[in-house]
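Secondary and tertiary structure notes
These are the residues of each chain, in order.
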Amino acid sequence: MKEIEIKTRLEIYDTVEELPRDVQQLMQRSFWIRDKAYAPYSNFLVGAALLLSNGQIIEGNNQENACYPSGLCAERTAIYYAGAQFPEETILKMAISAKSLRHKLSTPTPPCGACRQAIAEYEVKQEQPIEIFFTGETGKVVKSSSLANLLPLVFDKTYL
Ligand code: THU
């Protein structure tokens, strides 16, 4: 038996204003779309904005359903739209923000496991890392320079 240790690397920014200008703009777009989320059951609003290689920004938010599992997270709403409409473009960056209508959310909110798996699919497909930035309603922003940093031991097409 041998033990292995898996390390990851993230950058922490104190505020949105500390981010590079283009990422600030992307984050603003995620705030804008987050506030239009359809989340009547959780009251937890999430927005995701993607920057594509053609300069276009794609936005998505969470869409809930009375049959709870039929709802979809913001990140997948956005990335599946990008995959459907712009299959030839590379996804360069993704900004994610969350806000609870029940309490003040000041903790950076990472994409859930299912969304990480979905984002990983596109990162593997395009053979180029996607920079991920996530925040709460206020406070710090976390940057991961690749989805792979958020999902070690990813299951991908190489296993099929
Ligand atoms: N949600 C997202 O949109 N993205 C995530 O990564 C985590 C959770 C949504 C799903 C649901 O509508 C609400 O947040 C509460 O889980």
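This one's a predicted model, so the numbers in the text were calculated from it and none came from an experiment.

**Quick word on the packing of aromatic side chains**
For the structure on display, the rule yields three aromatic pairs. Ring centres 5.4 Å apart and planes at 15 degrees place the aromatic pair F155 and Y159 in the stacked group. Assessed through its relative accessible area of 45%, F155 is described here as partly exposed. We classify Y159 as exposed; its relative accessible area is 55%.

**Considerations on the pairing of strand 4 (residues 91-100)**
Of all 10 residues in strand 4, nine are buried; the element is thus mostly enclosed. Bridge analysis of strand 2 (residues 44-52) against strand 4 gives nine bridges, and the strand direction is antiparallel. Of the residues in strand 4, the one forming a bridge with L45 is K99. Of the pairings in the sheet, the one linking strand 4 to strand 5 (residues 131-135) comprises five bridges and is parallel in character. Looking at the pairing, M94 lines up with I132 of strand 5. Crossover handedness for the path strand 4 to helix 3 (residues 113-126) to strand 5: right-handed.

**Re the site of the ligand**
Taken together, the neighbourhood of the ligand is formed by S42, F44, V46, N62, E64, C73, A74, E75, P111 and C112. At 2.9 Å, a backbone N or O of C112 approaches an oxygen atom of the ligand. For the ligand, the accessible surface in isolation is 370 Å², of which the surrounding protein chains cover 75%. At the level of secondary structure, the elements contributing two or more residues to the shell around the ligand comprise strand 2 and helix 2 (74-85).

What counts and what doesn't
Residues numbered from 1 in each chain as written. Predicted model: local features only at pLDDT ≥ 70, side-chain atom pairs only at ≥ 80, totals over all residues. Heavy atoms only, no water. Phe/Tyr/Trp six-rings, centres within 6.5 Å; stacked < 30°, edge-to-face > 60°. Buried < 20%, exposed > 50% of the residue type's maximum accessible area, 1.4 Å probe, protein only. Helix = DSSP H or I, 4+ residues; strand = E, 2+ residues; numbered from the N terminus. Pairing = 2+ DSSP bridges. Right-handed = clockwise from strand over helix to strand, strands pointing away. Near = heavy atom within 4 Å. Polar contact = N/O pair within 3.5 Å; in protein donor to acceptor, adjacent residues only side chain to side chain. Areas by Shrake-Rupley, 256 points an atom, 1.4 Å probe, with all protein chains shown as cover.

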